[in-house]
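# Residue-level structural notes
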Amino acid sequence: MNTIYLIGFMGSGKSTIGKELAEVLSKKYIDSDDYIENKHQEKIPNIFKTKGEEVFRDYETVALKEVSAYDVVSTGGGIVEKEKNLKTMKNTGVVIFLKTSFEEVSSRLKDDINRPLWDNDIEGKIKLFNRRIPLYESYADYIINTDNKSIKEIVREISGVIEEI
Ligand code: S3P
């Protein structure tokens, strides 16, 4: 099986759904953010603080290549910031965009303090969201709308898509 890459904005449920999907399919799962933190022995907010976003993006691009050995990969929300990442994903698997509304994402991330790029005023958040959505859409082989759906429903929908490939 080719790798299933889940992409989408912060708070779209990539990790929760990725884990559940891998379990249902009995496949190997990894979260690319966890992989980066383990590899570099540093938490992501700290990487941003001490080394800056550019260094994090470089770590992420290398990590993405390394995790392509897994079956299900939850990527970080900024994976679409580098076109190289698209190549890696297209060469090794299928890209699924979990599309979640800004309202839903905002409510899920209300008390979040672990995402440096969410630590912004409302205009900044909306701007990032609006810039990213077309990128996710252009990277995606399949788009799954997640608003008002349970995790089980979303996993079932993805499984259906995968079966058809
Ligand atoms: C980021 C999303 C985060 C993490 C980092 C940067 C982004 O991952 O990779 O904070 O640029 O959108 P999640 O999408 O899992 O929150």
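Notes on the structure follow. All of these numbers come straight from a predicted model, not from anything done at the bench. (Residues numbered from 1 in each chain as written. Predicted model: local features only at pLDDT ≥ 70, side-chain atom pairs only at ≥ 80, totals over all residues. Heavy atoms only, no water.)

## Topic: the nonpolar core
Ranked by internal contacts, the top residues of the largest apolar core, which has 24 residues, are Ile7, Phe9, Met89, Trp118 and Tyr136. For this core, the elements supplying multiple residues, two or more each, are strand 1 (3–7), helix 5 (83–92), strand 4 (93–99), helix 6 (102–108) and helix 7 (122–139). Take this core: its biggest share by element is five residues, from helix 7. Setting aside anything within four residues of it in sequence, one finds isoleucine 7 in contact with Lys14, Thr75, Ile79, Val80, Met89, Val95, Ile96, Phe97, Leu98, Tyr136 and Tyr139. Of all hydrophobic cores here, the second largest spans 16 residues; its members include Leu21, Tyr29, Ile154 and Ile162. (Core = buried A, V, L, I, M, F, W, Y, C linked by side-chain atoms within 4.5 Å. Buried < 20%, exposed > 50% of the residue type's maximum accessible area, 1.4 Å probe, protein only. Helix = DSSP H or I, 4+ residues; strand = E, 2+ residues; numbered from the N terminus. Contact = heavy atoms within 4.5 Å.)

## Details of the pattern of salt bridges
A side chain with one charge may pair with a side chain of the opposite charge, provided their charged atoms come close. Within the structure shown, the criterion is met by 13 salt bridges. Across the salt bridge formed by lysine 39 and glutamate 66, the nearest N and O atoms sit 3.0 Å from each other. A residue pair is termed long-range when its members are at least 10 positions apart, and lysine 39 in helix 2 (residues 32–40) and glutamate 66 in helix 4 (residues 53–66) qualify at 27 residues. Given a relative accessible area of 39%, lysine 39 falls into the partly exposed group. Here glutamate 66 falls in the partly exposed class, since its relative accessible area comes to 33%. In this structure, the salt-bridge partner of arginine 108 is glutamate 104, at a minimum N-O distance of 3.2 Å. In this pair, arginine 108 and glutamate 104 both sit in helix 6, four residues apart, roughly one turn of the helix. Taking relative accessible area as the criterion, arginine 108 reaches 41% and is therefore assigned partly exposed. When its relative accessible area of 24% is taken as the criterion, glutamate 104 is described as partly exposed. One connected set of salt bridges, linked through shared partners, spans Glu53, Arg57 and Glu60. (Salt bridge = Lys/Arg side-chain N within 4 Å of Asp/Glu carboxyl O.)

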